[in-house]
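In case you want the letters, here they are:
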Amino acid sequence: MIDPFKTLGVEARFDLEPDELARRHRDLSRALHPDRYAGAPAAERRLSLSRAIEVNDAFRVLKDPIRRAEALLRRAGVPVGETAEPKPSPDLLMEMMERREELGDARRRKDLAAVHALADVVRGREREVLASMARQFAASDPDPKKLAVVLPELGELRYLRRFLDEAAAIEEELSP
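Just so it is clear, the structure is predicted and the values come from calculations on it, not from any experiment.

Attention shifts here to the overall build of the protein. The helix and strand tally for the protein stands at 8 helices and 0 strands. In sequence order, the protein lays out its α and β elements as α-α-α-α-α-α-α-α. A globule of 176 residues ought to have a C-alpha radius of gyration of about 16 Å, yet the protein, at 20 Å, is considerably larger. A principal-axis box enclosing the C-alpha atoms of the protein has dimensions of 60 × 45 × 25 Å. When each of the 176 residues of the protein is scored for burial, the buried share is 40%. For the protein, contacts bridging at least 24 residues in sequence account for 72% of all contacts bridging at least 6. Split by element, the accessible area of the protein, about 10700 Å² in all, is 52% carbon and sulfur. Each charge sign in the protein was given a centre, from 32 positive and 34 negative side chains, and these centres are 5 Å apart.

See below:
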């Protein structure tokens, strides 16, 4: 697997600055643009196209906090993925089940304001989890045993993201 941090030439850390990441992607995309290689030999054109695809893939990975965390953990040799991570706490599962029921109720009532309010609460929670993960990555890097403490929050982030995706779909469905 290609290391997205090396591909984009950015420091391997969780709290990447989004604007800096986008600027790096834009600069590399510009340098690898097919128009720059129009008169080049076929092998060079293929190489630049292949490199451009890698840059785009790396950018997609690093701009997503879940995939960025997975990339950092993989670099340290920590197994990732929902089957490799600890099971979520019963409290988190209960909370998410209750919030999803509230979301379903709001959808049935066609109460867009309630959907927005639920999503705002979960977005706030997502910000807290992301900040905590950034602190844990900074404090634990590069020790794989210490980095494993991030795994429960990575799992929580997946649940929060799924909820927010569902809420966004309902918001779109209910919007005039």
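More follows now that the structure is in view.
Given a rise of 1.5 Å per residue, 20 residues ought to cover 28 Å, and the 29 Å separating the end C-alpha atoms of helix α5 (residues 90-109) matches this to within 8%. Within α5, burial applies to Leu92, Met96, Arg99, Leu103, Gly104 and Ala106. One side of α5 carries all its buried residues, which in axial view fall inside an arc of 160°. Seen from the buried face of α5, the exposed residues on the opposite side, beyond 90 degrees, are Pro90, Asp91, Arg108 and Arg109. Where α5 is buried, its residues touch α6 (112-140) and α8 (151-174).

For the protein, the domain assignment lists domain 1 (4-63) and domain 2 (90-174). For domain 1 and domain 2, the distance between their C-alpha centres works out to 30 Å.

Turning our eyes to something else, we now look at the environment of Arg75. Relative to the helices and strands, Arg75 is located in helix α4 (residues 65-75). Linking Arg75 and Ala168, residues 93 residues apart in sequence, is a C-alpha distance of 32 Å. Setting aside residues up to four positions removed in sequence, Arg75 forms contacts with Asp3, Phe5, Lys6 and Ala12.

The rules behind these values
Residues numbered from 1 in each chain as written. Predicted model: local features only at pLDDT ≥ 70, side-chain atom pairs only at ≥ 80, totals over all residues. Heavy atoms only, no water. Helix = DSSP H or I, 4+ residues; strand = E, 2+ residues; numbered from the N terminus. Rg over C-alpha atoms; globule rule 2.2 N^0.38 Å. Buried < 20%, exposed > 50% of the residue type's maximum accessible area, 1.4 Å probe, protein only. Contact = heavy atoms within 4.5 Å. Areas by Shrake-Rupley, 256 points an atom, 1.4 Å probe, with all protein chains shown as cover. Lys, Arg positive; Asp, Glu negative; His and termini not counted. Charge placed at Lys NZ, Arg CZ, Asp CG, Glu CD. Expected span 1.5 Å × (residues − 1). Arc of directions from axis to C-beta. Domains from an automatic or database assignment.

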